[in-house]
Amino acid sequence: MKSLISHLRARRFVVLFVGALSSLLLAGTTIYALGGFTATITNTGPGFASGTILLQENQGVNTCLSSAAGAITTNSGTCATINLFGTSNADPGTTNVTSVSFKNIGTINASTFTLTPSGCTQAHNSATSPYYGSDASFCSLVDITIENDTVPGSPVCVFPAGPGACPSLSNSNTLSSLGVTPISLGSLASGATDTFTINAELDPSATNADQGLVANDNLAWELAQ
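Residues numbered from 1 in each chain as written. Predicted model: local features only at pLDDT ≥ 70, side-chain atom pairs only at ≥ 80, totals over all residues. Heavy atoms only, no water.

**Here's the deal with the overall build of the protein**
Right, so step 1: Scanning the protein for helices and strands turns up two helices and 12 strands.
Right, so step 2: Overall, the protein shows an N-to-C arrangement of helices and strands of α-β-β-β-β-β-β-β-β-α-β-β-β-β.
Right, so step 3: Per-residue burial over the protein gives 30% buried out of 225 residues.
Right, so step 4: In the protein, 76% of the contacts between residues at least 6 apart in sequence involve partners at least 24 apart.
Right, so step 5: When the accessible surface of the protein is summed, it comes to about 14,400 Å², and 58% of that surface belongs to carbon and sulfur atoms. (Helix = DSSP H or I, 4+ residues; strand = E, 2+ residues; numbered from the N terminus. Buried < 20%, exposed > 50% of the residue type's maximum accessible area, 1.4 Å probe, protein only. Contact = heavy atoms within 4.5 Å. Areas by Shrake-Rupley, 256 points an atom, 1.4 Å probe, with all protein chains shown as cover.)

**Considerations on the packing of aromatic side chains**
Right, so step 1: Inspection of every chain in the model, using the stated rule, returns six aromatic pairs.
Right, so step 2: Taken together, a centroid distance of 6.1 Å and an interplanar angle of 70° make the contact between Phe-102 and Phe-196 edge-to-face. Note that Phe-102 is positioned in strand 3 (residues 96-104) and Phe-196 in strand 10 (residues 193-202), a separation of 94 residues in sequence.
Right, so step 3: When its relative accessible area of 1% is taken as the criterion, Phe-102 is described as buried.
Right, so step 4: Taken together, Phe-102, Phe-113, Phe-196 and Trp-221 form an aromatic cluster joined through their ring pairs. (Phe/Tyr/Trp six-rings, centres within 6.5 Å; stacked < 30°, edge-to-face > 60°.)

**As for the nonpolar core**
Right, so step 1: Grouped together as the largest cluster of nonpolar side chains are 33 residues, with contacts concentrated most on Phe-113, Ile-146, Leu-185, Phe-196 and Trp-221.
Right, so step 2: Elements with a contribution of two residues or more to this core: strand 3, strand 4 (112-117), strand 6 (142-148), strand 7 (156-159), helix 2 (175-178), strand 10, strand 11 (213-216) and strand 12 (219-224).
Right, so step 3: Ignoring sequence-local partners within four residues, the contact set of Trp-221 consists of Leu-55, Leu-84, Phe-102, Phe-113, Thr-114, Leu-115, Leu-185 and Phe-196. (Core = buried A, V, L, I, M, F, W, Y, C linked by side-chain atoms within 4.5 Å.)

**Digging into the state of the cysteines**
Right, so step 1: According to the stated counting rule, one finds three disulfides in the structure shown.
Right, so step 2: Paired through a disulfide, Cys-64 and Cys-79 show a sulfur-sulfur distance of 1.9 Å. Judged by the sign of its S-S torsion, about 50°, the bond between Cys-64 and Cys-79 is right-handed. Here Cys-79 lies in the loop between strand 2 (62-65) and strand 3 and Cys-64 lies in strand 2, a separation of 15 residues in the sequence.
Right, so step 3: Paired by a disulfide, Cys-120 and Cys-139 hold their sulfur atoms 2.0 Å apart. Here Cys-120 and Cys-139 share a disulfide; its torsion about the S-S bond, -75°, makes the bridge left-handed. Of the two residues, Cys-120 sits in the loop between strand 4 and strand 5 (121-124) while Cys-139 sits in the loop between strand 5 and strand 6, which places them 19 residues apart along the sequence.
Right, so step 4: Owing to a relative accessible area of 7%, Cys-139 belongs among the buried residues under this scheme. (Disulfide = S-S within 2.5 Å.)

**A few points about the side chain of Asn-96**
Right, so step 1: Looking at where Asn-96 falls in the secondary structure, it is placed in strand 3.
Right, so step 2: With a relative accessible area of 16%, Asn-96 lands in the buried category.
Right, so step 3: Those residues within four positions of Asn-96 in sequence are excluded, and the remaining contacts are Phe-85, Gly-86, Thr-87, Ile-198, Asn-199 and Ala-200.

**Points about the sheet that holds strand 12**
Right, so step 1: One open sheet accounts for three strands, arranged 9-4-12; its pairing is antiparallel. Each end of this open sheet is capped by a strand with a single partner; those strands are strand 9 (183-184) and strand 12.
Right, so step 2: The sheet contact formed by strand 4 and strand 12 spans six bridges and is antiparallel. Considered in strand 12, the bridge of Thr-112 is made with Ala-224. (Pairing = 2+ DSSP bridges.)

**As for the environment of Gln-225**
Right, so step 1: Note on placement: Gln-225 falls in the segment after strand 12.
Right, so step 2: Classification of Gln-225 as exposed rests on a relative accessible area of 72%.
Right, so step 3: When the C-alpha positions of Gln-225 and Ser-111 are compared, they lie 5.2 Å apart, and in sequence the two are 114 residues distant.
Right, so step 4: Apart from residues no more than four positions distant in its own chain, Gln-225 is found in contact with Ile-53, Asn-109 and Ser-111.

**Description of the pairing of strand 1 (residues 55-59)**
Right, so step 1: Burial analysis of strand 1 places four of its five residues in the buried class, the great majority of the element.
Right, so step 2: For strand 1 and strand 3, the ladder comprises four bridges, and the chain directions are antiparallel. Bridging from a neighbouring strand, Glu-57 pairs with Phe-102 of strand 3.
Right, so step 3: Two successive antiparallel strands, strand 1 and strand 2, enclose a turn made up of two residues, where Gly-60 displays a positive phi of approximately 60°.

Below is the structure:
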């Protein structure tokens, strides 16, 4: 009987010892997992962002934009509220003066600013219908000059191209001779504005055959990086 009791006590000791050792090992493992020094930085800056080149046209109370607010798609707008030629009821020899300005309202400087005419076409003036003339060369009787007046006192003639102020209106410079070749206007920095003066008249040599007609030339103004 004593031998059995001694054996049981020995087994109990072993069990207690193993249990205590397991507890120590687990405790050591836990302490090891929580130990050590760390340092972390997570960058949450604004990221890689693109800028914009946006063109705004102004003539009096009328404003046109290359893109409406919101999502930019083609960034190419059309504008029917601004008449760059100044009138829809011209008479021979009367000069019509139009001032128009263009501003780069984007955040990126535009290295090129160009004006591209579409080429003059003619039609009947709906305001005089059913009365209109028969001259098929009406575009060649619309005299025009385009002048850059951004710097006061230092004009630059855009059409016909040349330094200084534009010459007087004459039948040498017309919507027909304006052509379709892009015209360089220099550059336009972010926030900068260029102002242009367009003089136009129906040439004094116009006849009755030129009544009730309209000359159309869509002028495209473009900024590029």
